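# Residue-level structure breakdown
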Amino acid sequence: MATDFAVFLRRFLTSHLAGLRGCSPNTVTSYRDTFKLLISWFRDERSIPPGKLTLDHIDAGAITAFLGWLQEGRHNGVSTRNQRLAAISSFCTWMQAEDPARMACWQGILAIPAKKQARPAVSHLTVEQARRLLAQPDRSTRQGRRDATLLAALYDTGARVQELADLAVRDIRLQRPAMAALTGKGRKTRHVPLAGNTIALLAAYLAEHRLDQPGHDDHPVFYGQHRARLSRGGIAWIISKYQAQIHDPPLADASISPHVLRHSKAMHLYEAGVPLPYIRDILGHVDLSTTEIYARASTEAKR
């Protein structure tokens, strides 16, 4: 027979997160991984097998010990520790209404503070470095043309890597005003303008792959073998492949991820005089304070 913890956890991950809140599969996976670690911790550190783990075992003392184990036993950083705490706190917030008899217990867990961490620096490329990276693919080959289009679209839209991976043909508009519809966190869709060079690359790419023909609206824009959409890891690998071809130590030795291209686009827009509210809308930030990191980073670089 399933324990009360097992029953409520399944409802939280399926009915609540994926259903009512409409969280993305990546968010649900992150929450699920947190509870997998917590269940393993109870099994290995408290000798409580998963089949006997109940809500009575979940309290502030246990969660505090679990968070300590993440940092000391698994050597996780502060950001990872705080991310795991946020997932558990979300569960406890939901449980207050589902299990009011233990409300004091859930509130005790919710009172566990997140650890302060140093504000990370914004890693980004200069305009010239971004230009060199985007020029690396060999456009005389079919794969090179795909990769050139992918890199241009990723940089030009400032998209999160998953947003680019999820991009379907119906999300691309090449007629004026040209734009890409990106669906990001919270399943929110925003429309991002496309620049002339990216428009030309996308138009040629879609025509070459016959994706501009009727019946391909739901086809992924960027795909690999067996016409399956590229994964986040696949897109990151494409970037690292072309970075390795650059014989410029500062650029070749830099840590370039898809998110670094997103940061780079935002920094270049800010330094070109684009107001922060517009940059916020392009990046899909909910709060302007999140976008202000680029203003602070630019000011620090100038200082």
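As shown above, the structure is provided for reference.
Anyway, here's the lowdown on the structure attached to this text. The structure presented is a predicted model; accordingly, all values stated were derived computationally and were not measured. Here the residue numbers are simple positions, counted from 1 along each chain's written sequence. Confidence filtering applies because this is a predicted model: local features only for residues at pLDDT of at least 70, side-chain atom pairs given and counted only at 80 or more, and all residues used for totals across whole chains, interfaces and linings. Hydrogens and waters are ignored; side-chain quantities use all the structure's heavy atoms.

### A few points about the packing of helix α7 (residues 142–157) against helix α9 (residues 196–208)
At a closest axis distance of 9 Å, the pairing of α7 and α9 adopts a crossing angle of 140°. With respect to α9, the element α7 is oriented oblique. Of the two elements, α7 crosses α9, and the hand of that crossing is left-handed. For the pair α7 and α9, contact is made by Arg-142, Arg-145, Arg-146, Ala-148, Thr-149, Ala-152, Ala-153 and Asp-156 and by Thr-198, Leu-201, Leu-202, Tyr-205 and Glu-208, respectively. Amino acids are sorted into nonpolar (Ala, Val, Leu, Ile, Met, Phe, Trp, Tyr, Cys and Pro), charged (Asp, Glu, Lys and Arg) and polar (every other residue, Gly among them). Across the contact of α7 with α9, the residue classes tally to six nonpolar, two polar and five charged. Axes, fitted as lines to C-alpha atoms, cover a helix only where it is in contact. Angles between the N-to-C directions of the axes lie from 0 to 180 degrees. The secondary structure listing takes helices from DSSP runs of H or I that are at least 4 residues long and strands from runs of E that are at least 2 residues long, numbered from the N terminus. For classification, angles of less than 35 degrees are called roughly parallel, those exceeding 145 degrees roughly antiparallel, those between 65 and 115 degrees roughly perpendicular, and all remaining angles oblique. Helix crossings fall into two classes, left-handed where the near helix is turned counterclockwise from the far one by less than a right angle and right-handed where it is turned clockwise. Pairs of residues are marked as contacts when any of their non-hydrogen atoms sit within 4.5 Å.

### Focus on helix α10 (residues 232–243)
Expected span of a helix: the number of residues minus one, times 1.5 Å. Here α10 is twelve residues long and its end C-alpha atoms lie 17 Å apart, about the 16 Å a rise of 1.5 Å per residue gives. Listing the buried residues of α10 in full gives Ile-235, Ile-238, Ile-239, Tyr-242 and Gln-243. In an axial view of α10, the angular spread of the buried residues amounts to 135°, which keeps them on one side of the axis. Packed against the buried residues of α10 are α6 (127–134), α7, α8 (161–165), α11 (249–252) and α12 (258–271). For each residue, the accessible area found with a 1.4 Å probe, counting protein chains only, is set against the maximum for its type, and the residue is called buried under 20%, exposed over 50%, and partly exposed in between. As used here, the arc belongs to the directions running from the helix axis to the C-beta atoms.

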